[in-house]
Amino acid sequence: METALTLEINGERRSVPQLPSVRALLAHLRLKEERIAVELNSRILRREEWERTPLRDRDRIEIVQFVGGG
Amino acid sequence: METALTLEINGERRSVPQLPSVRALLAHLRLKEERIAVELNSRILRREEWERTPLRDRDRIEIVQFVGGG
Amino acid sequence: METALTLEINGERRSVPQLPSVRALLAHLRLKEERIAVELNSRILRREEWERTPLRDRDRIEIVQFVGGG
Amino acid sequence: METALTLEINGERRSVPQLPSVRALLAHLRLKEERIAVELNSRILRREEWERTPLRDRDRIEIVQFVGGG
Amino acid sequence: MTQGLPDDALVLAGRSFGSRLIVGTGKYPDFEVMREALARSGAEMVTVAVRRTNLGDKSGGNLLDYIDTGRIMLLPNTAGCYTAEEAIRTARLGREAGLSEWVKLEVIGDEKTLFPDTEALVAATRVLVREGFIVLPYTNDDPIVARKLEDAGAAAVMPLGAPIGSGMGIQNPAHIRIILETVSVPVIVDAGVGTASDASIAMELGCDGVLMNTGIACAQNPAAMAEAMKLAVRSGRLAYKAGRIPRKMYASASSPVDGVSR
Amino acid sequence: MTQGLPDDALVLAGRSFGSRLIVGTGKYPDFEVMREALARSGAEMVTVAVRRTNLGDKSGGNLLDYIDTGRIMLLPNTAGCYTAEEAIRTARLGREAGLSEWVKLEVIGDEKTLFPDTEALVAATRVLVREGFIVLPYTNDDPIVARKLEDAGAAAVMPLGAPIGSGMGIQNPAHIRIILETVSVPVIVDAGVGTASDASIAMELGCDGVLMNTGIACAQNPAAMAEAMKLAVRSGRLAYKAGRIPRKMYASASSPVDGVSR
Amino acid sequence: MTQGLPDDALVLAGRSFGSRLIVGTGKYPDFEVMREALARSGAEMVTVAVRRTNLGDKSGGNLLDYIDTGRIMLLPNTAGCYTAEEAIRTARLGREAGLSEWVKLEVIGDEKTLFPDTEALVAATRVLVREGFIVLPYTNDDPIVARKLEDAGAAAVMPLGAPIGSGMGIQNPAHIRIILETVSVPVIVDAGVGTASDASIAMELGCDGVLMNTGIACAQNPAAMAEAMKLAVRSGRLAYKAGRIPRKMYASASSPVDGVSR
Amino acid sequence: MTQGLPDDALVLAGRSFGSRLIVGTGKYPDFEVMREALARSGAEMVTVAVRRTNLGDKSGGNLLDYIDTGRIMLLPNTAGCYTAEEAIRTARLGREAGLSEWVKLEVIGDEKTLFPDTEALVAATRVLVREGFIVLPYTNDDPIVARKLEDAGAAAVMPLGAPIGSGMGIQNPAHIRIILETVSVPVIVDAGVGTASDASIAMELGCDGVLMNTGIACAQNPAAMAEAMKLAVRSGRLAYKAGRIPRKMYASASSPVDGVSR
């Protein structure tokens, strides 16, 4: 995987293969697309942007979901 | 009604015709027999005594029933 | 002390020498006379009776005083 | 009093004779100088300024004191 | 589920009641309102007073025509009695009229507070139990009296929460709690309930039932309040059995403290 | 009848809810218990927290698999946020994840009490309302703050009854009452409910709803407590509408005072 | 000024006491501490228990050596008695020992709560009054019992505020208030006081005095607490006589609303 | 002894006060009554309002002629101010009139409740502290706000016990307690005290002082109530320091359980 990207995902550095889009990253991470939200470099992406948003080395990505809370 | 009895019923003096029994008195007073109790001269009568208990002049009779209460 | 009495004092059996009176008993027991009360065989003695009340074998004596209480 | 000033004192228009200073105004109004404060055109005057601060026509003056309060 | 609670019946003297709410029949605006209130209350036992039959006026209908005695048991009371003798006599009259041994025993000590005369109450309980009555005595909130009533054979003890008709709620939960630990017979709070939460609180303390009259009958909308009380008794009972969380002075987060995206 | 109350829905931002009870989804022993508790609570809105997805561990199942989102609306919260900025960002993330504008807004002022920072709360409300959010802010019991939140466009105000998770019940009913008279938007007591009567009391004060989590989730039997809470909220609401009797210091007989046979 | 209040003495059976605080002598760490506490309490009457003289051990000093009986009257109690007979006998022993007719009458109904057996209490009061005793009975907070005690000749009634030694304060102010309206003899709250405000509250209700033991004796600093109680009883009494402001739900400005300089 | 307590002065901004009671000067029937009440209160600090001098009417005497300013420090307030700006200006006027840096800071949020606008309060505190004022802010009972006031440099925080003039006493002791654990500056309960025990309770919670006006001024006998409050504050303080007994549900005998003569 010589063309790997280094991303910071949820506060942790992580190496992933070259991926065409945020959506591809989610698939790579085996995350269901329902009921999650993604922030790229402090900007929240609308769901429809995932497909067309490319990834760059050093990108900071936050992926959140719902958990139990009061 | 020359042979009338004078009874004290529920604290009030009352003249009634000669009547053969307590049960006849209840009928005379047009009282339903259900869910009432009768006391004759401070002695509570069982329901089955009504028929065979005669009345005498000056008898004190209490007739009670259920009313709303807490 | 061959002529000793056996008394029950405050629930405990006790042998004492022959003593002329309740008052002598109190002295024998080294009790101050102030603010105490004495009962002899379930009869409370007035203070002035102590001197003239003799003791008999098997007498039951209660001696009480004030203690801290609420 | 042809040379009178028109001042707004505590929210009310008032004509006073020509007076050399704020302090003179207080004297004219027969106010004790203790425990009061004076504001001239929205600027609070220190006590030592009263003597040297002149009055001009249309000046707005607030004079306050202590009253009962919780 | 709500409907049923079949495993959680109120058992008094061996008889099972599906509802832990007992309702009085006095002071309603009219019998129709009472009928609806009783229906919505879900009560299976209602109290009635024993009074001289009015020989003159037959109008106005009879109370009993408005009570579904198939579903609802009548519990005669001895309200208005100021001595053990009066109460015993009224209990006997009630038995004769109602053909049942059950009695809500009241011996009133004073007209202003309607508090019980507990000494006379214990004495009357003793007599009536000997005669075969099932005695449910209205008492004060004193655990010593409660124990005496139990010893005298009462089928339950029914301490007041507050003065009859006062609507003040349970004034002394500590006493009710102590009574619950003192006696083995069921404890039913009788009197003082003003609103739904008062009834819930009684049940949450661990009481076995609640008896009320004025709180329902004199509400602006008695039928709606009756349903409120039904739900309150159930909710209080459920909460008691469910085991509440302990009280703490400080907070404890309900959402996870970690994993916040910052 | 109990089931329905169809004329008495809770309306928030134009949307109608059949239940006035809102339930949190944190702290249950497991998801199965939660599922049953939610069912028995009858709630139609539940809060959820927004947290970083755990990328490693996929086991344990997903919260949302246990919530019937057909019947129950998700209300993302901003728990754990200590500044207006954090809360705003979390609200936006929640919107993106949940595809809904609703948010339970929390800006926490301090870790020990979890009391809100009301100044930041008002500021965040203002921003989010401008962005189209329907904001339900968790606030203190100060009526001045409540009015500011209403002025800022909050869809309801949600004062605390007691510290989150404390189970102490409504500590200051007078403040809640004043808030009710101060604002026109719905008032929902959020936090502090420990047992059923606490919820009834909130509703009897005239509140429009109750939100709770720990009181149910940490009860010994969460599902039973959930049902208790459902009934408590209904009974308190019904009692409020039914119009309780006034409190009096003295007794008032519920049985007739005349006609006692002596 | 504080010292004086000379027009406001507590009068019991014709005897005047400068202090409305009555203090027990049990449970102090030692006699020296008790002596100081009694001094700082300002009490002019203290209770003592009547117990069998310990014939063996003469060490440890005598309680009475630490009480200034010139200034302070001894009030023997019948603590520990479970029947009228025991209490009567103990009262007689106390009279003989103390050479005074005064007695604090206790007939205990149960070891766990130490609540009175009120039936036996009334009976014992009747007997002792006939024998010339001045009877101050420790009773429950039931106004019917209070009236019976008054009728039996008690010189005062002494309802409990809460269980002896519990420190819970007055659990049922409504009952105390009703007792105050029911009887003409002085009402002295006996038992349950835990801290100063509990004593103030008793006096503010209109009680004539307060009797306490554990609240002082078991405080960390008994002498300081004794003084706190002295001041509390005085302050509560003064407040009662001064006529407090009514409670209102809303604010009423204490500073003038006009004349603000803007 | 009572007089002394010399080791237990209230220290505010480095200045020592012999009394922990601060009294307002509004609403007395007349100045003579106020003078006597202040004397009997023992207060060493009293609040005054700043208002426009009435240029017309010179009759009626001057408030300050009735205050012994040798013994009593004047504390100007900013009552009636609804914005930070108004309050700051009034504070400055008060400083100029009183020649002292001390100010009781009020920024009122609403006329009906007279609750503070805490956001504006914190802002005004910040400004005034920078100008050298010693700021004593009247605040709500929110610990987060209390901490912000402390951070802004307030010399004490003065949470309300209940609405000004309401006489309802401390409505939320839990909040006061939490504030006491949250801040290091003195905590003075300001507003809501209706009778002596309310003041004792504040002190028993651990507060450093109590400020009141209506409770004294509008009592039927203000001077007597003033003395009651003096004693109440002292007794509450002493009780706090003396260390009260723990609350227990059950009894604990104060007389020995053994040695009863039977």
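As shown above, the structure is provided for reference.
What counts, and where the lines are drawn
Positions within a chain are numbered from 1, following the residues in the order the chain's sequence is written. Each chain is given a letter, starting from A, and each ligand a number, starting from 1, according to the order in which they appear as written. Thresholds applied to this predicted model are a pLDDT of at least 70 for local features of residues and 80 or more for the giving and counting of side-chain atom pairs; totals over whole chains, interfaces and linings are not thresholded and use all residues. In computing side-chain values, all of the structure's heavy atoms are included and hydrogens and water are not. Each helix is a run of DSSP H or I of at least 4 residues and each strand a run of E of at least 2, with the numbering of both proceeding from the N terminus. Here the globule rule reads 2.2 Å times residues to the power 0.38, and the radius of gyration is calculated from C-alpha atoms. Burial classification: accessible surface area is computed with a 1.4 Å probe over protein chains only, and a residue below 20% of its type maximum counts as buried, one above 50% as exposed, and the rest as partly exposed. It only takes one pair of heavy atoms within 4.5 Å for two residues to be counted as in contact. Method for areas: the Shrake-Rupley scheme with a 1.4 Å probe, in which residue coverage is limited to the protein chains shown. Charge counting follows a simple rule: Lys and Arg are positive, Asp and Glu are negative, and His as well as the terminal groups are ignored. Where a charge sits is defined by one atom per residue type, namely NZ (Lys), CZ (Arg), CG (Asp) or CD (Glu). In this analysis, the expected span of each helix is defined as 1.5 Å times one less than the number of residues it contains. By buried area we mean how much accessible surface two parts lose on assembly, using a 1.4 Å probe and totalling the loss over both. Here a salt bridge means any side-chain nitrogen of Lys or Arg lying within 4 Å of a carboxyl oxygen belonging to Asp or Glu. N or O atoms closer than or at 3.5 Å make up a polar contact, with two conditions inside protein: a donor-capable atom paired with an acceptor-capable one, and, for residues adjacent in sequence, both atoms drawn from side chains. Residue polarity follows a fixed list, in which Ala, Val, Leu, Ile, Met, Phe, Trp, Tyr, Cys and Pro are nonpolar, Asp, Glu, Lys and Arg are charged, and the others, Gly among them, are polar. For Phe, Tyr and Trp, where Trp contributes only its six-membered ring, two rings pair if their centres lie within 6.5 Å, and the inter-plane angle classes them as stacked under 30 degrees, edge-to-face over 60, or tilted in between. Geometrically, a charge over a ring is one whose NZ (Lys) or CZ (Arg) sits within 6 Å of the ring centre while staying within 35 degrees of the ring normal. Superposition of the copies used a least-squares fit over C-alpha atoms from residues whose pLDDT is at least 70 in both. Using only the protein atoms, space was sampled on a 1 Å grid; points where a 1.4 Å probe fits but cannot get out form cavities, open sets with protein on both sides within 12 Å along at least five of seven lines form pockets, and lining residues are those with an atom within 4 Å of a point. Grid points are joined across faces, edges and corners, and a volume is the space filled by probe spheres set on the points. If DSSP finds at least two bridges between two strands, the strands pair. Orientation is described by lines fitted to C-alpha atoms, with helices fitted over the stretch in contact, and by angles between N-to-C directions that extend from 0 to 180 degrees. The scheme is simple: roughly parallel for angles under 35 degrees, roughly antiparallel for over 145, roughly perpendicular for 65 to 115, oblique for anything else. It is the rotation of the near helix from the far one that decides the hand of a crossing: anticlockwise by less than a right angle makes it left-handed, clockwise makes it right-handed.

Draft legend 1. Representation of the overall build of chain A. Along its length, chain A carries 1 helix and 5 strands. Along chain A, helices and strands appear, N-terminal first, in the series β-β-α-β-β-β. Over its C-alpha trace chain A gives a radius of gyration of 12 Å, about what one expects of a compact globule, namely 11 Å for 70 residues. If one aligns the C-alpha atoms of chain A with their principal axes, the spans along those axes are about 45 × 25 × 20 Å. Every one of the 70 residues in chain A was classed for burial, and the buried ones make up 49%. Here the analysis covers contacts within chain A between residues at least 6 apart in sequence; of these, 46% occur between residues at least 24 apart. Accessible surface computed for chain A: about 4,000 Å², of which carbon and sulfur atoms make up 43%. Between the centroid of the 13 positive side chains of chain A and the centroid of its 12 negative side chains there is a distance of 2 Å.

Draft legend 2. Summary view of helix α3 (residues 118-130) of chain G. Taking 1.5 Å of rise per residue, 13 residues should cover 18 Å, and α3(G) covers 18 Å from first to last C-alpha, within 8% of that figure. Burial in α3(G) covers these residues: T118(G), A120(G), L121(G), V122(G), A124(G), T125(G) and L128(G). Against the buried residues of α3(G) lie α3 (118-130) of chain E together with α2 (84-98), β6 (102-105), β7 (134-139) and α4 (143-151) of chain G. With its phi angle positive at about 95°, G132(G) sits one or two positions after the end of α3(G).

Draft legend 3. Focus on the interface of chain H and chain C. Each partner contributes to the interface: chain H provides 4 residues, whereas chain C provides 6 residues. Surface buried jointly by chain H and chain C totals about 340 Å² across both partners, of which 47% is contributed by carbon and sulfur atoms. On the chain H side of the contact with chain C, S254(H), P256(H) and S261(H) bury the most area, a combined 76% of that side's loss. Across the chain H-chain C interface, the total number found is 0 salt bridges. At the surface where chain H touches chain C, the tally comes to 2 residue pairs in polar contact (both at pLDDT 80 or more). The class makeup of the residues in the side of chain H that touches chain C is 1 nonpolar, 3 polar and no charged.

Draft legend 4. Inspection of the packing of aromatic side chains at higher detail. On inspection of all chains with the given rule, the structure shows 8 aromatic pairs over all chains. The ring centre of Y250(H) lies 4.8 Å from the NZ or CZ of K112(G), which sits over that ring.

Draft legend 5. Broad picture of the relation of the copies chain F and chain E. With an RMSD of 0.0 Å, chain F superimposes on chain E once it is rotated by 180° and translated 0.0 Å along the axis. Such a combination of rotation and displacement between the chain copies is what one expects of a two-fold axis. A share of 100% of the interface residues of chain F reappears at the interface of chain E, consistent with the copies meeting face to face through the same patch.

Draft legend 6. Expanded view of the environment of T25(G). With respect to the helices and strands, the residue T25(G) is situated in the loop between β3 (21-24) and α1 (31-41). Placed 192 residues apart in sequence, T25(G) and A217(G) show a C-alpha to C-alpha distance of 7.8 Å. Ignoring any residue separated from it by four or fewer positions in sequence, one finds T25(G) in contact with V67(C), G68(C), G69(C), M34(G), V46(G), T47(G), V48(G), L63(G), I67(G) and N213(G). Within the local environment of T25(G), its side chain forms a polar contact with the backbone oxygen of T47(G), the two atoms lying 2.8 Å apart.

Draft legend 7. View of empty space enclosed by the protein. All names here are of chain H. Inspection of the entire model under this criterion finds 5 cavities of 30 Å³ or more. Taken as a whole, the largest cavity encloses approximately 130 Å³ of empty space. Together, 17 residues line the largest cavity, and G165, A191, M212, N213 and T214 are the ones closest to its centre. When the residues that make up the lining of the largest cavity are grouped by side-chain class, the tally is 6 nonpolar, 9 polar and 2 charged.

Draft legend 8. Molecular detail of the sheet that holds β6(G). One open sheet holds the 3 strands; their spatial order is β6-β7-β8 (chain G), and the pairing between them is parallel. Only two strands of the sheet have a single partner each, and these edge strands are β6 and β8 (158-159) of chain G.

Draft legend 9. Molecular detail of the pattern of salt bridges. According to the stated counting rule, one finds 87 salt bridges over all chains in the structure shown. For the salt bridge of R89(H) with E39(D), the shortest nitrogen-to-oxygen distance reads 2.4 Å. Linking R89(H) in helix α2 (residues 84-98) with E39(D) in strand β3 (residues 36-40), this pair reaches from one chain into another. Across this residue pair, the class does not change: R89(H) and E39(D) are buried. Ionic pairing is found between D190(G) and K104(G), a salt bridge with its closest N-O pair at 3.0 Å. Remark: K104(G) occurs in strand β6 and D190(G) occurs in strand β9 (residues 188-190); sequence separation between them is 86 residues.

Draft legend 10. Fine view of the packing of α3(G) against α4(G). All names here are of chain G. Their axes nearest at 9 Å, the elements α3 and α4 cross at an angle of 15°. As the angle between them shows, α3 and α4 are arranged roughly parallel. With respect to the hand of their crossing, α3 and α4 are arranged in right-handed fashion. Contacts from T118, L121, V122 and T125 of α3 reach α4 at V145, K148 and L149. By residue class, the composition of the contact of α3 with α4 is 4 nonpolar, 2 polar and 1 charged.

Draft legend 11. Just the arrangement of the chains, in detail. Taking C-alpha atoms only, the smallest gap left between chain A and chain D, which are not in contact, amounts to 42 Å. With no contact between them, chain A and chain H keep their nearest C-alpha atoms 21 Å apart.

Draft legend 12. How the structure looks around the environment of I176(G). Residues and elements named next belong to chain G. Note on placement: I176 falls in helix α5 (residues 173-182). Along the sequence, I176 and D141 sit 35 residues apart, while their C-alpha atoms lie 6.4 Å from each other. Excluding residues that lie within four positions of it along the chain, I176 makes contacts with D141, P159, L160, I170, V189, L205 and C207.

Draft legend 13. Up close: the pairing of strand β3 (residues 36-40) of chain B. All names here are of chain B. Of all 5 residues making up β3, 5 are buried, and the element is well covered by its neighbours. Residue alternation in β3 divides its side chains into two sets, I36, V38 and L40 and A37 and E39, and both sets are buried. In this sheet, strand β5 (residues 60-68) lies alongside β3 in antiparallel orientation, the contact comprising 5 bridges. Bridging across to β5, I36 finds its partner in Q65. Across 3 bridges, β3 lies against strand β4 (residues 43-45) in antiparallel orientation. Across the sheet, E39 pairs through a bridge with I44, a residue of β4. The antiparallel hairpin formed by β3 and β4 contains 2 residues in its connecting segment, where N41 sits at a positive phi of about 45°.

Draft legend 14. Focus on the sheet that holds strand β7 (residues 134-139) of chain H. Residue and element names in this part refer to chain H. In spatial order, the strands read β6-β7-β8; together these 3 strands make up an open sheet with parallel pairing. Both outer strands of the open sheet, β6 (102-105) and β8 (158-159), are each paired with one neighbouring strand and no more. Summarising the sheet, β6 and β7 pair through 4 bridges and their orientation is parallel. Among the inter-strand pairings, L105 is bridged to a residue of β7, identified as P137.

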